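# Structure at a glance
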Amino acid sequence: MIATPDRTPLPREFFDRPVLDVAPDLLGRILVRTTPDGPIALRLTEVEAYDGADDPGSHAYRGRTARNGVMFGPPGHVYVYFTYGMWFCMNLVCGPEGKASAVLLRAGEIIEGAELARTRRLSARNDKELAKGPARLATALGVDRSLDGTDACTSEATPLKILTGTPVPRDQVRNGPRTGVAGDGGNGDIHPWRFWIANDPTVSPYRAHVPRGRRS
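Notes on the structure in this doc start here. As the structure is a computational prediction, the values presented were derived from the model and not from experiment.

## What to know about the environment of Ala208
Structurally, the position occupied by Ala208 is in the segment after β9 (194–197). Residue Ala208 is classed as partly exposed on the basis of its relative accessible area of 47%. In this structure the C-alpha to C-alpha distance between Ala208 and Val181, which are 27 residues apart in sequence, comes to 7.0 Å.

This is the structure in structure tokens:
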């Protein structure tokens with residue numbers, strides 16, 4: 001018998017921890033996106049950790065900017081950025097306020113609202129591809145920069161909320177190098193900070209960084 005996922009919101013204390021503790025613990029949690037068109041719920045299956053000034057792969061490695069300000073806290077808020085001139089990606093801020101760290105939400109399984117997600121992801125060949133990758137996840141959920149700074153832990157009505165779900169046993173969690181990160185930040189021996197659920201079909205394929213302008 002499969003237990004029903006816990007729909008209790010995760011408390012802010014969950015996120016007020018080191019990013020490498022939070023990231024794998026987010027697997028199996030449920031993200032709920034509420035829109036005028038209806039709700040979508042997603043079970044997280046793949047994430048990446050980014051540790052601010054201590055991490056050359058992080059947007060906050062060189063300090064605070066207008067773009068990355070939300071990463072500096074408080075924890076439990078949503079950091080959304082725009083990349084490659086066309087895609088949005090979504091993160092959950094963690095760690096103590098003032099120290100920039102966040103977890104990139106790389107992939108998930110749509111468990112409610114698939115009909116709505118399909119209208120946003122017309123190129124998906126099946127439902128397993130609806131949120132298979134960070135830009136696809138944000139697109140399926142209708143996430144853009146207008147949601148940057150959203151509090152995902154508040155008890156009040158909010159367009160994004162993170163629920164307890166069903167945590168994944170640690171023996172089912174895998175980790176390795178982060179996808180598409182250059183230099184030391186993408187070195188899996190130094191930063192094996194991508195975490196995913198073993199054998200889950202919604203997890204995105206790993207791709208090493210390729211400098212712009214180069215083609216394989």
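## Focus: the nonpolar core
Counting residues in each nonpolar core, the largest one holds 43 residues, and the members touching the most others are Phe15, Leu26, Leu105, Ile110 and Ile162. The biggest single contributor to this core is strand β3 (residues 38–50), with 5 residues. Filtering out sequence-adjacent residues up to four positions away, Leu26 remains in contact with Leu10, Phe14, Phe15, Leu44, Val47, Leu92, Val103, Leu105 and Ile162. Within the second largest apolar cluster, 13 residues are counted, among which are Met71, Tyr79, Cys89 and Ala100.

## A look at the state of the cysteines
Tallied over the entire structure, the rule returns 0 disulfides. Of all cysteine sulfurs, the one in Cys94 lies closest to Cys89, which takes part in no disulfide; the gap is 17 Å. A residue is classified by how much of its surface remains accessible, and Cys89, at 5% relative accessible area, is buried. Between Cys153, a free cysteine, and Cys94, which holds the nearest cysteine sulfur, the sulfur-to-sulfur gap is 11 Å. Assessed through its relative accessible area of 12%, Cys153 is described here as buried.

## Remarks on the pairing of strand β5 (residues 87–93)
Burial analysis of β5 places 5 of its 7 residues in the buried class, the great majority of the element. Two strands pair when backbone bridges link them, and strand β4 (residues 78–83) and β5 are joined in this way by 6 bridges, in the antiparallel orientation. Within β5, the residue paired with Thr83 across the bridge is Trp87. Between β4 and β5, which pair antiparallel in sequence order, lie 3 residues; one of them, Tyr84, sits at a positive phi of approximately 55°. As judged from the 3 bridges shared by β5 and strand β6 (residues 102–112), these two strands associate in the antiparallel manner. The partner of Asn91 across the bridge, within β6, is Leu104.

## Regarding unusual backbone geometry
Here Gly73 and Pro74 are connected by a cis peptide whose omega angle stands at 5°. With respect to the helices and strands, the residue Pro74 is situated in the loop between β3 and β4. Its identity as a non-glycine residue notwithstanding, Tyr84 has a phi of 55°, on the positive side. With respect to the secondary-structure elements, Tyr84 resides in the loop between β4 and β5. A positive phi angle, near 65°, is found at Asn199, a position not held by glycine. Position of Asn199 relative to the elements: it lies in the segment after β9. In this structure Asn199 comes out as exposed when scored by relative accessible area, which is 80%.

## A look at the pairing of strand β7 (residues 160–165)
The element β7 is largely enclosed, with a buried count of 6 among its 6 residues. Direction of pairing for strand β1 (residues 6–9) relative to β7: antiparallel, over a ladder of 2 bridges. Considered in β7, the bridge of Asp6 is made with Gly165. Across 4 bridges, strand β2 (residues 30–35) lies against β7 in antiparallel orientation. By the bridge assignment, Leu31 is partnered in β7 with Ile162.

## Considering helix α4 (residues 134–141)
Across the 8 residues of α4, 6 count as buried, placing the element largely inside the fold. Along α4, the residues classified as buried are Pro134, Ala135, Leu137, Ala138, Ala140 and Leu141. Considering only its buried residues, α4 is in contact with β2, β3, β5, β6 and α3 (114–120). One or two steps after α4, the chain reaches Gly142, where phi turns positive at roughly 70°.

Conventions used here
- Residues numbered from 1 in each chain as written.
- Predicted model: local features only at pLDDT ≥ 70, side-chain atom pairs only at ≥ 80, totals over all residues.
- Heavy atoms only, no water.
- Helix = DSSP H or I, 4+ residues; strand = E, 2+ residues; numbered from the N terminus.
- Buried < 20%, exposed > 50% of the residue type's maximum accessible area, 1.4 Å probe, protein only.
- Core = buried A, V, L, I, M, F, W, Y, C linked by side-chain atoms within 4.5 Å.
- Contact = heavy atoms within 4.5 Å.
- Disulfide = S-S within 2.5 Å.
- Pairing = 2+ DSSP bridges.

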